[in-house]
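Secondary and tertiary structure notes
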Amino acid sequence: MSQSSPSAPPPLTTAAVDSHAHVFERGLALAATRRYRPDHDALLGDYLSQLDAHGLSHGVLVQPSFLGTDNCYLLAALRGQPARLRGVAVVDPAIGETELDAMAAAGVVGIRLNLIGLPAPALGSAPWRGLLERINARGWHVELHLPAARLQEVMPTLLAAGCRIVVDHFGRPDPALDVADPGFLDLLRKADSGRVWVKLSGAYRNWPDARCAQAGRRAAQRLLEAFTASRLLWGSDWPHTQHPHVAYGATRQWLDDWIDDAAQRRQLLGDTALTLFQFEFQGDLA
């Protein structure tokens, strides 16, 4: 599917953030442990064209799991668009201060734990405990990607450590259980902490495509009731790895299908995301 964009994007008058996307090229060194090998390129220029075409002012690039802890490509992309992009890196817990400082200077604002198919790390012991302290000191967050049934393996420890947490893809409820998934229900209860955000993204990773609008709406409504728009985010999940048939425009349209109130959509696309991801933005763009 072509990633080309219309030549005349809609007028952009307010800030709106795509909180979840990836960039990469074929031929990059891949992590030894991975679930996927890309067979296409996801170039920064193509992603920026998608933002322009859909009236989005800012984006957040997440390190792909198949690149492991080599964040060089991510950091180069961030340095190329310092005002428009922020990043979430994957790091070794023993990473040094100098490297963390370089990441912060490039626009990294969080680290990701993608635990799909992997055991939970010992977050309460060294060196993880020290890393979390350094993450907190920088005002970064910890992004989680794992099934809802496993969120309890890591969230209590992260909250006890004072971390801010961003949960990917609706919290990954079991598609058979949907919003009755006990792990998803427990995630709703975590809203009271005031330190958990959830991304309305990657619906097709939870439900068949035909159910994304309806099932995503049920989950989004429950999340909106618990977290309000001040703790929800939207992400395209571009380039939709392993789901190449998905179009960027469809992922943006789903947000309108999931949340009726335009003011709530503007809040989670705007102020909520701008603040969490540490964008420097004041007022309208017009």
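Up top is the structure.
Now for a quick tour of the structure.

**Looking at the overall build of the chain**
Across its full length, the chain carries nine helices and eight strands. A compact globule built from 286 residues would reach a C-alpha radius of gyration of about 19 Å, and the chain, at 18 Å, matches this within 12%. If one aligns the C-alpha atoms of the chain with their principal axes, the spans along those axes are about 50 × 40 × 40 Å. Counting over 286 residues, the chain shows a buried share of 53%.

**Observations regarding the packing of helix H6 (residues 182–189) against helix H7 (residues 212–227)**
Running from N to C, H6 and H7 point in directions that differ by 30 degrees, and their axes come no closer than 9 Å. On the basis of the axis angle, H6 is roughly parallel to H7. In this structure, H6 uses Phe184, Leu185, Leu187 and Leu188 to contact H7, whose residues at the interface are Ala219, Arg222, Leu223, Ala226 and Phe227. Class assignment of the residues belonging to the contact of H6 with H7 gives a composition of eight nonpolar, no polar and one charged.

**Thoughts on the packing of aromatic side chains**
Summed over all chains, the structure comprises seven aromatic pairs. Seen in terms of ring centroids, Phe24 and Phe66 are 5.1 Å apart; in terms of plane orientation they differ by 85 degrees. Their pairing is edge-to-face. With a gap of 42 residues between them, Phe24 in the loop between strand E1 (17–21) and helix H1 (44–53) and Phe66 in the loop between strand E2 (58–62) and helix H2 (72–80) connect regions that are remote in the sequence. Per residue, the accessibility class of Phe24 equals that of Phe66, and both read buried. Taking the centre distance of 6.2 Å and the plane angle of 70 degrees together, the rings of Trp234 and Tyr248 count as edge-to-face. With Trp234 in strand E8 (residues 232–234) and Tyr248 in helix H8 (residues 248–258), this pair connects stretches of sequence that are 14 residues apart. There is no split in this pair, since Trp234 and Tyr248 are both buried. Put simply, the rings of Phe170, Tyr204, Trp207, Trp254 and Trp258 pair up and form one aromatic cluster.

**Here's the deal with the side chain of Lys190**
Structurally, Lys190 is set in the loop between H6 and strand E7 (196–200). When residues no more than four places from it in sequence are discounted, the contact partners of Lys190 are Gln152, Met155, Leu159, Val196 and Phe227.

**Examining the layout of surface pockets**
Within this model, the largest pocket holds a volume of roughly 510 Å³. In terms of lining residues, the largest pocket is bounded by 23 residues, among which Thr33, Ser65, Val90, Asn114 and Leu118 are the most central. If you tally residues by element for the lining of the largest pocket, the top one is strand E4 (residues 108–114), at four residues. For the lining of the largest pocket, the class distribution of residues is twelve nonpolar, seven polar and four charged.

**Details of the environment of Arg86**
Tracing the backbone shows Arg86 in strand E3 (residues 85–89). Along the backbone, Arg86 and Gly107 are 21 residues apart, and their C-alpha atoms lie at a distance of 4.9 Å. With residues up to four places along the chain from it excluded, the contact list for Arg86 reads Gly59, Val60, Leu61, Leu78, Gly107, Val109, Phe277, Gln278, Phe279 and Glu280. A distance of 2.8 Å separates a polar side-chain atom of Arg86 from the backbone oxygen of Pro82.

Thresholds applied
Residues numbered from 1 in each chain as written. Predicted model: local features only at pLDDT ≥ 70, side-chain atom pairs only at ≥ 80, totals over all residues. Heavy atoms only, no water. Helix = DSSP H or I, 4+ residues; strand = E, 2+ residues; numbered from the N terminus. Rg over C-alpha atoms; globule rule 2.2 N^0.38 Å. Buried < 20%, exposed > 50% of the residue type's maximum accessible area, 1.4 Å probe, protein only. Axes fitted to C-alpha atoms, helices over the stretch in contact; angles between N-to-C directions. Parallel < 35°, antiparallel > 145°, perpendicular 65-115°, else oblique. Contact = heavy atoms within 4.5 Å. Nonpolar A, V, L, I, M, F, W, Y, C, P; charged D, E, K, R; others polar. Phe/Tyr/Trp six-rings, centres within 6.5 Å; stacked < 30°, edge-to-face > 60°. 1 Å grid on protein atoms, 1.4 Å probe; cavity = no way out; pocket = protein on both sides within 12 Å on 5 of 7 lines; lining within 4 Å. Points joined across faces, edges and corners; volume = space filled by probe spheres on them. Polar contact = N/O pair within 3.5 Å; in protein donor to acceptor, adjacent residues only side chain to side chain.

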